[in-house]
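A closer look at the structure
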Amino acid sequence: MASDKRVDEIIDRYKGEEGFLIQLLLDIQNEFNWIPKEAILRISTRLQIPLSHIYRVVSFYKVLNLKPIGRHVIQVCLGTACHVRGGPRILDAVENTLGIKAGMTTGDMKFTVKRVNCIGCCALGPVMVIDNDYHCKLTPAGIKDILARYD
Amino acid sequence: MARINSPAELERLREEIVAKRDPEKPCIAICAGTGCIALGCHRVIAAFREGLKEHGLENDVEIRETGCPGFCEKGTIVVIYPEGICYLQVQPEDVPEIISETIKEKKIIDRLLYTDPKTGEKAIRESEIPFYKYQKRLLIGNNIKIDSKNIEDYIAIGGYRALSTVLFERTPEQVIEEVKSSKLRGRGGGGFPTGRKWESTRNAAEEPKYVIVNCDEGDPGAFMDRALMEGNPHSVLEGLAIGAYAIGAHEGFIYVRQEYPLAVENVTIAIKHAEDYGLIGENILGSGFDFKVTVHRGAGAFVSGESSALMNALEGKVGEPRPKYVHTSDSGIWDKPSDLNNVETWANVPLIINNGADWFASIGTEGSKGTKIFSLVGKVNNTGLVEVPMGITLGDIIYKIGGGIPGDKKFKAVQTGGPSGGCIPEQYLDTPVDFDELTKLGSMMGSGGMIVMDEDTCMVDVARYFVDFLCDESCGKCVPCREGLKRLREILNRIVEGKGKEGDIELLEEIARVMKAASLCALGTTAANPVLTTIRYFSDEYEAHIKAKRCPALACKNLISYYIDPNECKACLRCLKSCPVDAVIGGKKLIHVIDQSKCTKCGSCLDVCPPKFGAVKKISGEPVPPPLPEEERKLASSTRKKGAGK
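Rules used throughout
- Throughout this description, residue numbers start from 1 for each chain and increase along the sequence as written.
- The lettering of chains begins at A and the numbering of ligands begins at 1, in the order of writing.
- In keeping with the model being predicted, local features are shown solely for residues with a pLDDT of at least 70 and side-chain atom pairs are shown and tallied solely at 80 or more, while totals for entire chains, interfaces and linings include all residues.
- Water and hydrogen atoms were dropped before computing side-chain values, which therefore reflect all heavy atoms in the structure.
- Here, residues are in contact when the closest pair of their heavy atoms is within 4.5 Å.
- A simple way to read buried area is as the amount of 1.4 Å-probe accessible surface that goes missing from two parts once joined, with both sides added.
- The rule for a salt bridge is simple: a side-chain nitrogen of Lys or Arg has to be within 4 Å of a carboxyl oxygen of Asp or Glu.
- Runs of H or I in DSSP of at least four residues are treated as helices and runs of E of at least two as strands, each being numbered from the N terminus.
- Domain extents, as shown, originate in an automatic or database domain assignment.
- Throughout this entry, Asp, Glu, Lys and Arg are counted as charged residues, while Ala, Val, Leu, Ile, Met, Phe, Trp, Tyr, Cys and Pro are counted as nonpolar. The remaining residues, Gly among them, count as polar.
- Aromatic pairs are defined between Phe, Tyr and Trp rings, using the six-membered ring for Trp, whenever the two ring centres lie within 6.5 Å; interplanar angles under 30 degrees are classed as stacked, those over 60 as edge-to-face, and all others as tilted.
- Each residue is placed in one exposure class: buried if its accessible area under a 1.4 Å probe, protein chains only, is under 20% of its type's maximum, exposed if it is over 50%, and partly exposed if it falls in between.
- Two strands qualify as a pair provided DSSP detects at least 2 bridges between them.
- Interaxial angle, 0 to 180 degrees, is taken between N-to-C directions of lines fitted to C-alpha atoms, where a helix line uses only the stretch in contact.
- The directions considered for the arc are those from the helix axis to the C-beta atoms.

**Structural notes on the interface of chain A and chain B**
- Counting residues at the interface gives 39 residues for chain A and 58 residues for chain B.
- Taken together, the two surfaces of chain A and chain B that pack against each other cover about 4,000 Å², and 54% of this comes from carbon and sulfur.
- When the buried area of chain A at its contact with chain B is split by residue, Phe 60, Thr 80 and Val 84 of chain A rank highest and sum to 15% of it.
- At the boundary of chain A with chain B, the tally comes to 8 salt bridges.
- Across the salt bridge formed by Glu 73 of chain B and Lys 137 of chain A, the nearest N and O atoms sit 3.5 Å from each other.
- Residue contributions to the side of chain A that touches chain B peak at 6 residues, all from helix H2 (residues 21–32) of chain A.

Have a look at this one:
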């Protein structure tokens, strides 16, 4: 859980800076993998930012998660280049293999699947990124083996 | 490192850097951009380091990890200097041979060279490869020459000379005049004259003023800014500092989307190094000019790439646009005059200062000057980043540079301008690429995505794709965009599902008109462009979906079926084994049949059916032939005649 101490350390990094809220939230997410309610409350109290404002920001930006996510995050790219090269079939294969839909996390908290709108690796589509590993020129048949490499 | 306090000291440092480098010393340049990382370049780099050590060559041969040279299709790319030998698709297994043959013996390894698919001819150097031959790589060409994390590499090729020139030899007004007469136009999509934008910001009454780099490259299918920011961040930083001086700003922001972690890393390092050398920060080069730069990470919102929305995001707020009857040049971030330009625009600035406005204006067409980087992707042989002079034709980019369409498929359209752009059909392939010509066709230049589509791409599905994308990304602040997109999506979904009705096309056009007239920002006013251009050029595909319930490209899932031709099936079991839902019925020497009620249309059976059999077929707009009666499915090995079982 998000301890106040760890949240405080992150808040202190941005002391005196204007316009830092999104940067701070990104750091919170990097630290905890999501944005816990406790962290939002703490930011609000310490920085005197209304809760509603923080919530609005967190819910607006796609990268910020209001729910805990799996140990491995699978981002399936559905940018235009990946779309025309069969990206939707890759997403289907990932969803069918894991038995969940995009935006969801497996029951054992192992994988979270996200569909993303372009990660800028367009020349090598279709592409998916698991954690920090890029997998490119994918075929639906190869998905199972790739997912099996993660534990 | 020591701070540089004058232009003379900068030149002295440059001479020192160049002097201590031996141009004859072998150097292995390896692309370490995101594309090649995806292809495993880090293993190649590790293999080179280890191999050189084994041969005792670690001090005699340099390894340079560079930014993206563009030819992503053929990564990992390795260029060996001083000869400039270009090896493609290098794997870690190739490294020992490269060291023992090319580095030690100076012999070229033929199989790693580019081979022309038509003539079989080999190309040794980059400049001989057709993909590069027709390009004019003023911006991206330096990527392979420098280690993006090393400021000395940038200084060695003339870096920061332009900044030093403007600070000591030009007034801010002269700099603006120079940029104006170069006729540089914004590379982010709008194409607004950069010099005029700078001038308005300079002339705005309020102080302080701000300059901003937009690297929130959200257009799907585009990654030029990523390659520049990762590969040559100092060129952007130098352009930004020149702009700040011209405009009278002392603070700048670089907004990079969070999805580009390497770009964030490299530009952060670049700023640190530039500050250490006194090229950014207080009293730059002893000129008395101060300029501070901060990097901001985006948090994933396409609409935040719009200038007023991006400024909101920089303030830590929700990245929504606002009406722009007051320009951001008058009232931008924190209501102060702000100039925002795209990464590629900023990177052009040092070139203009170093070579002069006349030189820059001599490249390109009447209304569009200089070069433009495109990300050439989709159904094209040579995918990657291409930098071309404005005015080259679409056809030359796709066929001469891109090498045409893979698998002898037929070209159908090229999509430019991202979700605000449109699809351009074959009859316009000889159109010169410039801001105005592409707009005339109902598309736009945009930031430079160029997605090639072949006969297998359904144009109605492409329109639906973009509308779906924008529905997801619309901030929802204004009604025409928010509701208009939803209705467009509803109608297009209906059409691709085979439930389209008479009058749907007219309805799409009507909604598009309202969105164009009444939306708050460019996301909404241009959102219908992909729909309108596909209706304009591919109305027959819309008609086929609506009237005949047929997808001519055989792409729309609800309108197609997979079917195994009993005359071609050799009962090889491949499709049966690959089917994830066990919809293929059959067995050894039993002709396979697809159970249509189980089939999810994933297409795995078609993927694995050997082309020499070609038994699995996709059909649309016609009923699936009834399955062969069970008693007729036995395959009498080689004696079975064609047409048996009918």
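What follows picks up the thread again.
**A look at the domain arrangement of chain B**
All names here are of chain B.
- Assigned domains of chain B: these are domain 1 (20–133), domain 2 (159–361), domain 3 (371–457), domain 4 (460–547) and domain 5 (560–641).
- Inter-centroid distance (C-alpha atoms) of domain 3 to domain 4 is 22 Å.
- With 17 residues of domain 3 at the contact, the number on the domain 4 side is 14 residues.
- Carbon and sulfur atoms supply 64% of the area that domain 3 and domain 4 bury against each other, a total of about 1,200 Å² over both sides.
- In terms of surface lost to domain 4, no three residues of domain 3 exceed Pro 419, Ser 420 and Cys 423, which account for 41% of the buried area on that side.
- Connecting domain 3 to domain 4 are 1 salt bridge.
- Of all elements in the fold, only strand E13 (411–416) and strand E14 (422–425) reach the threshold of two or more residues within the side of domain 3 that touches domain 4.
- Of the residues belonging to the side of domain 3 that touches domain 4, the class tally is 7 nonpolar, 8 polar and 2 charged.

**Side note on the domain arrangement of chain A**
- Here chain A is partitioned into domain 1 (4–60) and domain 2 (72–148).
- The gap between the C-alpha centroids of domain 1 of chain A and domain 2 of chain A is 30 Å.

**A few points about the packing of aromatic side chains**
All names here are of chain B.
- On inspection of all chains with the given rule, the structure shows 17 aromatic pairs over all chains.
- Consider the rings of Phe 71 and Phe 131, whose centres lie 4.1 Å apart with planes at 10 degrees: the pair is stacked. With Phe 71 in the loop between strand E2 (62–66) and strand E3 (78–81) and Phe 131 in helix H5 (residues 130–133), the pair connects residues that are 60 residues apart, well separated along the chain. Each member of the pair, Phe 71 as well as Phe 131, carries the same accessibility label: buried.
- With 5.9 Å between their ring centres and 40 degrees between their planes, Tyr 210 and Phe 253 make a pair best called tilted.

**Section: the sheet that holds strand E12 (residues 384–389) of chain B**
Residue and element names in this part refer to chain B.
- Taken in spatial order, the 5 strands line up as E12-E11-E15-E13-E14 in an open sheet, and their pairing is mixed. The sheet terminates laterally at E12 and E14, the two strands that pair on one side only. Neighbour-to-neighbour, the strand axes of this sheet turn through a mean angle of 30 degrees, independent of strand direction.
- Summarising the sheet, strand E11 (residues 371–378) and E12 pair through 6 bridges and their orientation is antiparallel. Directly across from Phe 374, in E12, lies its bridge partner Val 386.

**Let's talk about unusual backbone geometry**
- Residue Gly 125 of chain A is joined to Pro 126 of chain A through a cis peptide bond whose omega torsion reads -5 degrees.
- Within the element layout of this structure, Pro 126 of chain A appears in the loop between strand E2 (111–116) and strand E3 (128–130).
- Here Gly 75 of chain B and Thr 76 of chain B are connected by a cis peptide whose omega angle stands at -5 degrees.
- Relative to the helices and strands, Thr 76 of chain B resides in the loop between E2 and E3.
- If you check the backbone angles, Leu 573 of chain B has positive phi at about 75 degrees while not being a glycine.

**Structural notes on helix H8 (residues 172–182) of chain B**
Residues and elements named next belong to chain B.
- All of the buried residues along H8 are Pro 172, Val 175, Ile 176, Glu 178, Val 179 and Ser 182. Burial along H8 is one-sided: seen end-on, the buried residues are contained in an arc of 160 degrees.
- Those residues of H8 that are buried lie in contact with helix H7 (161–169), helix H9 (194–203), helix H11 (233–247), helix H14 (343–355) and helix H15 (357–361).
- Once H8 finishes, Lys 183 follows within two positions and takes phi at roughly 60 degrees, a positive value.

**Looking at the pairing of E12 of chain B**
- The element E12 of chain B is largely enclosed, with a buried count of 5 among its 6 residues.
- The turn linking E11 of chain B back onto E12 of chain B is made up of 5 residues.

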